[in-house]
Amino acid sequence: MSTYNAAIMDKAIELMNRSTNANRRVGAVITNGVGAHNAHMTERESRITVQHAEAQAICRSAAEGIPTKGHDIYVTLSLCVDCAKLIVQSGIAAVYFDKYDPEQPEGLKLLHLGGVEVYGKAPPQDDLPR
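Here the residue numbers are simple positions, counted from 1 along each chain's written sequence. Under the rules for a predicted model, residues below a pLDDT of 70 receive no local features and side-chain atom pairs below 80 are neither given nor counted, while totals for whole chains, interfaces and linings still include all residues. Only hydrogens and water are set aside when side-chain values are computed; all heavy atoms of the structure are taken into account.

Draft legend 1. Expanded view of helix α4 (residues 105-113). Throughout this description, buried means an accessible area under 20% of the type-specific maximum (1.4 Å probe, protein chains only), exposed means over 50%, and partly exposed covers the range between. Each helix corresponds to a stretch of at least 4 residues labelled H or I by DSSP, and each strand to a stretch of at least 2 residues labelled E; elements are numbered beginning at the N terminus. Those residues of α4 that fall on the buried side of the exposure criterion are Pro105, Gly107, Leu108, Lys109 and Leu111. Contact between two residues is taken to exist if any of their heavy atoms lie within 4.5 Å; hydrogens are not considered. On the buried face of α4, the contacting elements are α3 (81-90), β6 (94-99) and β7 (117-119). Directly after α4, the chain includes Gly115, whose backbone phi takes a positive value near 80 degrees.

In C-alpha cells:
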C-alpha cells in the first residue's frame with residue numbers, strides 16, 4: 001500500500017496552475033520525479049491537440065528512460081479512460097487524485113480493473129458505470 005505525500009500533490013497543483021489549457025487545467029507528478037501539465041501540441045488549441053498531463057508525464061518518463069513501474073502518480077483531476085489505459089500499461093502502482101471528474105468515471109473503473117490502487121474522493125465502485 002502506498003502512502004500519501006502532500007508535497008507531491010502540491011507539486012501537481014503547481015503544475016496545473018501553469019497550464020494554459022482553455023478547457024481544463026490538470027497537473028500530474030509521478031514519484032519517479034517526472035511532472036507535467038496538460039498542454040496543446042500545436043499553436044492552435046483544440047480538443048484533439050491537447051496532451052493530457054498524465055500522458056505527458058508517462059511519455060516524458062519513457063523518452064528519458066526513467067522507469068514508471070511500481071511508482072505512484074499524483075493528479076489534480078481523476079482520469080479519463082485513455083490516461084487510465086496508459087497508467088495500467090506503464091506499471092504505475094497507485095493513483096492519487098485531488099478532485100473527482102464526474103464526466104470521466106470510466107477511467108477510475110479501468111484503473112481498478114487493471115489492479116492499480118486508487119486514492120481520492122469518488123463514488124463507491126458500485127456506483128461507477130460498467
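Moving on from the model shown.
Draft legend 2. Up close: the packing of aromatic side chains. Aromatic contacts are taken between Phe, Tyr and Trp rings whose centres are within 6.5 Å, Trp giving its six-membered ring; a plane angle under 30 degrees counts as stacked, one over 60 as edge-to-face, and the others as tilted. Tallied over the full model, the rule gives four aromatic pairs. Consider the rings of Tyr4 and Tyr74, whose centres lie 5.8 Å apart with planes at 45 degrees: the pair is tilted. Of this pair, Tyr4 sits in the segment before α1 (6-18) while Tyr74 sits in strand β5 (residues 72-77), and the two are 70 residues apart along the sequence. With a relative accessible area of 47%, Tyr4 lands in the partly exposed category. Taking relative accessible area as the criterion, Tyr74 reaches 1% and is therefore assigned buried.

Draft legend 3. Spotlight on the pairing of strand β1 (residues 27-30). Of the two faces of β1, the one carrying Gly27 and Val29 and the one carrying Ala28 and Ile30 are both buried. Pairing between strands requires that DSSP locate at least two bridges from one strand to the other. With three bridges joining them, β1 and strand β2 (residues 35-37) adopt antiparallel strand pairing. Bridge pairing links Val29 to Gly35 in β2. Where β1 folds back onto β2 in an antiparallel hairpin, the turn is made up of four residues, including Gly33, whose phi is positive at roughly 100 degrees. Here three bridges tie β1 to β5, and the two strands are oriented antiparallel to one another. Bridging from a neighbouring strand, Ala28 pairs with Val75 of β5.

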